[in-house]
Amino acid sequence: MYLICGEALFDVFTASGDGPGNRLTLEAVAGGSPFNVAVGLSRLGVPAALLGGISNDSFGERLRQILSDEGVLDDYLVPFEAPTTLAMVALGADGSPRYSFRGEGCADRLLREAHLRPLADDIGAIHVGSYSMVVPPIADTLHALVSRESHRRLISMDPNVRPTVEPNLPRWRERVEAFARHAHLIKASDEDLALLYPGEAPERIAQGWLKDRCELVLLTRGSKGAQLFSRRHGQFHAAARPTVVRDTVGAGDTFQAALLAYLHEQGVRTAAALAELGRDQLESMLGFAVQAAAVTCSRTGPDLPCRYEIDWPASQQCL
């Protein structure tokens, strides 16, 4: 089972069509990168649980219900008498999202180390991502968790940089590097790296992460596809799949969930097993993740696919 760590919130979109007069129609969709990854894993048939803080308000209750409906375990969620974060989303002309967060003092940020419960033996891997790696106190809590567990469980990480939550980019860099020292698999977008390391080649950053414990780095590049960097096997590239892009909300989370689903089905439970993956397996994993992300791009909002919706050649299927 994967333990996915971080925020659960609602993305608030302006609904299609203008409201009458002085009215603006909004549509709230459950989200947050870790929340999406957990749901994505469950839709791909992989057991997942979400760890983080969650509000006792009506939004928090709805998030719990969605997790239950999707088959994601909520045993590691900690309730708080604080509001649920709302992320206001505007879409650019290319379908890429622009976020503005209402989250200061909200439940998803309040998790402390004292709230952590012992992990069950069936938790084989831990994934951390997005602004929960940066905002206190949850950032310190998750860092303590991966520091403690990286010797015995597989650690995955996705920075998913959100300057509208924390505009201090040096702090983002410091926290990302702190987590990277404990991660065995790192996925990032070229947009993330442009924000974290302006003017530096993304490939150089990815190669630089292949130290400490890291075995694989995945770099998503939008319409340019994705790259994989392996400590053992070098570099791979997969072209983007042709699709009519509605928007790219949730595409990175879909890519992440597909990576983890592939590893689960290949029986990869440890960093040593990750290092033993062959070239053919790595190429198949990368292609599967790119194809899964394309499905999400063809739909509106973070609507992550189920396994049967991903058209992947039978000879290369991982699930």
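Residues numbered from 1 in each chain as written. Predicted model: local features only at pLDDT ≥ 70, side-chain atom pairs only at ≥ 80, totals over all residues. Heavy atoms only, no water.

Novice: Before we go on, may I ask you to explain the packing of helix H1 (residues 33–43) against helix H2 (residues 58–70) in this structure?
Specialist: In a packed pair of helices, the relevant descriptors are the angle between the two axes and the axis-to-axis distance. Running from N to C, H1 and H2 point in directions that differ by 20°, and their axes come no closer than 9 Å. Classed by the angle they form, the pair H1 and H2 counts as roughly parallel. Contact residues: Phe35, Val39, Ser42 and Arg43 in H1; Leu63, Ile66, Leu67 and Glu70 in H2. For the contact of H1 with H2, a count of residues per class yields 5 nonpolar, 1 polar and 2 charged. (Axes fitted to C-alpha atoms, helices over the stretch in contact; angles between N-to-C directions. Helix = DSSP H or I, 4+ residues; strand = E, 2+ residues; numbered from the N terminus. Parallel < 35°, antiparallel > 145°, perpendicular 65-115°, else oblique. Contact = heavy atoms within 4.5 Å. Nonpolar A, V, L, I, M, F, W, Y, C, P; charged D, E, K, R; others polar.)

Novice: What is the right way to look at the sheet that holds strand S8 (residues 125–129) in this model?
Specialist: Within a sheet, each strand pairs with its neighbour through backbone hydrogen bonds, oriented either parallel or antiparallel. The strand order across the open sheet formed by 9 strands is S5-S4-S1-S8-S9-S10-S11-S12-S13, and the pairing between neighbours is mixed. Of all strands in the sheet, those bounded by a partner on one side alone are strand S5 (77–80) and strand S13 (234–238). Taking the axes of each pair of neighbouring strands and ignoring which way they run, one obtains an average angle of 15° across the sheet. Against the sheet, H2 engages strand S4 (48–55) and S5, with an angle of about 170° to S4. Relative to S8, helix H3 (residues 138–149) is tilted by about 150°, and along the sheet it contacts strand S1 (2–5), S4, S8 and strand S9 (154–158). (Pairing = 2+ DSSP bridges.)

Novice: What am I meant to see in the side chain of Ser230 here?
Specialist: Along the polypeptide, Ser230 turns up in strand S12 (residues 226–230). By relative accessible area, which is 8% here, Ser230 ends up buried. From its side chain, Ser230 meets the backbone nitrogen of His233 in a polar contact 2.9 Å long. Residues contacting Ser230, with those up to four places away along its chain left out, are Leu210, Glu215, Leu216, Phe236 and Leu282. (Buried < 20%, exposed > 50% of the residue type's maximum accessible area, 1.4 Å probe, protein only. Polar contact = N/O pair within 3.5 Å; in protein donor to acceptor, adjacent residues only side chain to side chain.)

Novice: Teacher, can you tell me more about the pairing of S1 here?
Specialist: The two faces of a sheet get side chains in turn, since along a regular strand they alternate between them. Here S1 shows no split at all, with Tyr2 and Ile4 on one side and Leu3 and Cys5 on the other all buried. With 4 bridges connecting them, S1 and S4 associate as parallel partners. When the bridges of S4 are listed, Ile4 appears paired with Leu50. As judged from the 4 bridges shared by S1 and S8, these two strands associate in the parallel manner. Paired with Leu3 across the bridge in S8 is Ile126.

Novice: Teacher, can you tell me more about the sheet that holds strand S6 (residues 86–91) here?
Specialist: Strand order in the open sheet made by the 4 strands is S3-S2-S6-S7, with mixed pairing throughout. At either margin of the open sheet sits one strand with a lone partner, and together these are strand S3 (26–31) and strand S7 (97–102). The sheet shows a mean angle of 30° between the axes of neighbouring strands, taken without regard to direction. Where S6 and S7 come together, 6 bridges link them in antiparallel fashion. Across the sheet, Leu86 pairs through a bridge with Arg102, a residue of S7. Lying on the sheet, H2 is in contact with strand S2 (9–14) and S3; it crosses S2 at an angle near 100°.

Nothing here speaks to function; it is all geometry.
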